[in-house]
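Next come the chains, spelled out residue by residue.
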Amino acid sequence: MTLQYTFELLGTFFFAISGALVIRDKHADLFGATFTGFVTAIGGGTLRDMMLGSYPLVWIGDIHFLYAILAGVLVAYMFSNFLVKLPKTFLLFDSLGISFFTILGVEKALSVGVRPEIAAIMGMFTAIMGGVIRDVLTNETPVLFRKEIYATACLAGACLYLVLLNFDLSRNTNLVVSSMLIMILRLLAVKFRLALPGFKR
Amino acid sequence: MTLQYTFELLGTFFFAISGALVIRDKHADLFGATFTGFVTAIGGGTLRDMMLGSYPLVWIGDIHFLYAILAGVLVAYMFSNFLVKLPKTFLLFDSLGISFFTILGVEKALSVGVRPEIAAIMGMFTAIMGGVIRDVLTNETPVLFRKEIYATACLAGACLYLVLLNFDLSRNTNLVVSSMLIMILRLLAVKFRLALPGFKR
Amino acid sequence: MTLQYTFELLGTFFFAISGALVIRDKHADLFGATFTGFVTAIGGGTLRDMMLGSYPLVWIGDIHFLYAILAGVLVAYMFSNFLVKLPKTFLLFDSLGISFFTILGVEKALSVGVRPEIAAIMGMFTAIMGGVIRDVLTNETPVLFRKEIYATACLAGACLYLVLLNFDLSRNTNLVVSSMLIMILRLLAVKFRLALPGFKR
């Protein structure tokens, strides 16, 4: 089991936890929590692969992702009262998750032969669309319309990765450097409430 | 025309009726009713086949499903004042529909070679996602977050079907037994307001 | 560059403008505007091609569509205060857009060998589903449930196109005539507040 694969499963596990916890304040049952955990964890990669026509979907071809999700939901269910007291830890895990998934998404898109611009969009989709679909299903305003710089950080990291591909860097170095940019941008955005400009009126 | 095919068209017809009636209390027109009827009837199977990469989609490859939907919408439109007075009849048809569609969805997924765990999820999706997409489009809280045991009953029936595959039963017997489990669970859940536990706080 | 291709890019450009402007009155940033512009412009064609299993998606295979979208979002952002004062101009461009995209969608569906009834639905989806997905993401009631005759006009034009295929007309003549029907129906519907009947109660 490679390091990357371990990270992928861990990322799926954390996304499932955060997805399941979203349901905590709604009048939903354990199935609802499992469903939102599932959607949050696999939504982005699923949409990416359906848009690319790349089959089988990751979680359909490899059952370990389903187990990682179920484990995440179980942890969320058993320790929810403890976990919700750790917003900073959650922010850190969420930032780690979107950073890593963005770059993996870029690589996946490049591997099926799309242009770099499209790969950047696909990387960003991989990271954020699971949360967007979850928000739509639970009648929340999707995260990308309300948060401080979020999807934009993913796009920036994806672009950095694509630029660095032209230099003599190992793939792992590029993965780490580009992911770090996303995480740093995201954490700075939350700390200093950074946001892109809106429409001037 | 086999018995199964008749049931598939009938199930589509009933889903279209229930989908069209949802729009009755909204300020929507006949097109809106047709659209919600259509989405309710084909949404689950469409999502399943798009996730499996299985083309053509059922309703695209066989035009009779479209006719069954239009017939359902027409019946809903003409007899809506009568139909809304029959909530128990509707519960029965809905339960029959999700029971039958779950098992058909499991079989379809198995036929393209996925693992049993994935097939169970796909069966459940087939039955419920049409209603979920309809609810999202009409800004309702998706049925799976508010109802008494619903999707969980589908999952239970799907699992029973998969277990019984290992025994010396005819396919039709298995189909009937597993569907019956879903219907019984669903009707008991409504009658006794059974729900899974939620998060403990 | 053919005339049709020019129109396709122009239609994409205008859809992106209208999609981006939707976000103007919400507390969203420039990324949110880009996202809604993008979704509005490519949503319908993307859903159509994913349902047909027709890959690569148009905007993934041809990068010019992405550039047309970014140009539209930029124009929307820079001139939003001016553009929102032109509702009639917008209605005209939107009507032109849905008219043209409907017929292109019908042709695309026919080209992969589906039946005329399905092609008509796919044409209508091409025109309206981008706006529907945008509305769902921004928690609005989808346009097709609230407007005067809208999707129905697209369906009517699609049907006319399919009927005229049986006559000795050039493809361009048919395209223009059928698109015109959609535009005229839509403009009349807005002017005279025409709506299909709803449920009688």
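Each value, and the rule that gives it
Residues numbered from 1 in each chain as written. Chains lettered and ligands numbered in written order. Predicted model: local features only at pLDDT ≥ 70, side-chain atom pairs only at ≥ 80, totals over all residues. Helix = DSSP H or I, 4+ residues; strand = E, 2+ residues; numbered from the N terminus. Rg over C-alpha atoms; globule rule 2.2 N^0.38 Å. Buried ≥ 20, exposed ≤ 12 C-beta atoms within 10 Å, placed from the backbone. Contact = placed C-beta atoms within 7 Å. pLDDT = per-residue confidence, 0-100. Nonpolar A, V, L, I, M, F, W, Y, C, P; charged D, E, K, R; others polar. Expected span 1.5 Å × (residues − 1). Bend = angle between axes of the 7 residues up to and from the residue. Least-squares fit on C-alpha atoms with pLDDT ≥ 70 in both. Axes fitted to C-alpha atoms, helices over the stretch in contact; angles between N-to-C directions. Parallel < 35°, antiparallel > 145°, perpendicular 65-115°, else oblique. Left-handed = near helix turned anticlockwise from the far one by under 90°.

Within chain A, the secondary structure is distributed over 10 helices and zero strands. Taken from N to C terminus, the helices and strands of chain A fall in the order α-α-α-α-α-α-α-α-α-α. Against the globule reference of 17 Å for 201 residues, chain A gives a C-alpha radius of gyration of 16 Å, in line with a compact fold. C-alpha extents for chain A along the principal axes are approximately 50 × 50 × 30 Å. A buried classification covers 52% of the 201 residues belonging to chain A. When contacts within chain A are restricted to residue pairs at least 6 apart in sequence, long-range pairs at least 24 apart make up 70% of them.

Averaged over every residue, the pLDDT of chain A is 91; residues scoring 70 or more account for 99%. We note a pTM of 0.94 for the whole complex and an ipTM of 0.91 for its interfaces.

A few words now on the interface of chain C and chain A. Tallying the contact residues gives 23 residues for chain C and 20 residues for chain A. Every element with two or more residues in the side of chain C that touches chain A is listed here: helix 2 (30–52), helix 4 (64–83) and helix 6 (116–137) of chain C. Considering each element in turn, the side of chain C that touches chain A owes the most residues, six residues, to helix 2 of chain C. Residues that form the side of chain C that touches chain A fall into these classes: 14 nonpolar, six polar and three charged.

Residues and elements named next belong to chain B. Between its first and last C-alpha atoms helix 2 (residues 30–52) spans 33 Å; for 23 residues at 1.5 Å apiece the expected length is 33 Å, and the two agree. Within helix 2, the axis deviates most sharply at isoleucine 42, by approximately 50 degrees. For helix 2, the tally of buried residues reaches 20 of 23 residues, placing the bulk of the element in the interior. Downstream of helix 2 by a residue or two, glycine 53 has a phi angle that is positive, lying close to 70 degrees.

Expressed as a screw transformation, the operator carrying chain A onto chain B has a rotation angle of 120 degrees and an axial translation of 0.0 Å, and the superposed copies differ by an RMSD of 0.0 Å. Expressed as an axis order, the relation between the two copies is that of a three-fold axis. A low fraction, 9%, of the interface residues of chain A reappear at the interface in chain B, so the copies pair through non-equivalent surfaces.

Cis geometry marks the peptide bond from tyrosine 55 of chain A to proline 56 of chain A, where omega comes out at -5 degrees. Relative to the helices and strands, proline 56 of chain A is located in the loop between helix 2 (30–52) and helix 3 (58–61). A positive phi angle is found at asparagine 139 of chain C, which is not glycine, with a value near 60 degrees. A positive phi angle, near 50 degrees, is found at arginine 193 of chain C, a position not held by glycine. Its place among the elements puts arginine 193 of chain C in the segment after helix 9 (171–192). Taking the number of C-beta atoms within 10 Å as the measure of exposure, arginine 193 of chain C has 9 and is therefore exposed.

Attention now moves to the interface of chain A and chain B. Counting from both sides, the interface comprises 23 residues of chain A and, opposite them, 20 residues of chain B. Residues that form the side of chain A that touches chain B fall into these classes: 14 nonpolar, six polar and three charged.

When chain C is fitted to chain A, the residual RMSD is 0.0 Å, and the transformation amounts to a turn of 120 degrees plus an axial shift of 0.0 Å. With a heterologous cut-off of 20% or less, the 9% of interface residues of chain C that recur at the interface of chain A puts this contact in the heterologous class.

Okay, the packing of helix 6 (residues 87–111) of chain B against helix 9 (residues 151–164) of chain B next. All names here are of chain B. Two elements in contact, helix 6 and helix 9, have axes whose closest approach is 9 Å; the angle formed by their N-to-C orientations is 45 degrees. Looking at the two axes, helix 6 sits oblique to helix 9. Note that helix 6 runs across helix 9; the crossing there is right-handed. Every residue of helix 9 that contacts helix 6 at Ile98, Ser99, Thr102, Ile103 and Val106 is listed here: Cys154, Gly157, Ala158, Tyr161 and Leu162. Here the contact of helix 6 with helix 9 is composed, by residue class, of seven nonpolar, three polar and no charged.

A word on the environment of valine 114 of chain B. Take valine 114 of chain B: it is sitting in the loop between helix 6 and helix 7 (116–137). Classification of valine 114 of chain B as buried rests on a count of 22 C-beta atoms within 10 Å. Along the chain, valine 114 of chain B and isoleucine 133 of chain B lie 19 residues apart, while their C-alpha atoms are 24 Å from each other. If we skip the residues at most four places from it in the chain, valine 114 of chain B touches Ile60 of chain A together with Ala109 and Ala119 of chain B.

Residue and element names in this part refer to chain B. Contact pair helix 1 (residues 3–22) / helix 2: the axes reach a minimum separation of 7 Å and the direction vectors enclose 135 degrees. Taken together, the axes of helix 1 and helix 2 are oblique relative to one another. Helix-helix and strand crossings are classified by hand; for helix 1 and helix 2 the assignment is right-handed. Contacts between helix 1 and helix 2 pair Thr12, Phe15, Ala16, Ser18, Gly19, Ala20 and Val22 from the former with Ala33, Thr34, Thr36, Gly37, Phe38, Val39, Thr40 and Ala41 from the latter.

Bringing the environment of tyrosine 77 of chain C into the picture now. Residue and element names in this part refer to chain C. Relative to the elements of secondary structure, tyrosine 77 occurs in helix 4. The class for tyrosine 77 is buried, based on 22 C-beta atoms found within 10 Å. In this structure the C-alpha to C-alpha distance between tyrosine 77 and alanine 20, which are 57 residues apart in sequence, comes to 7.7 Å.

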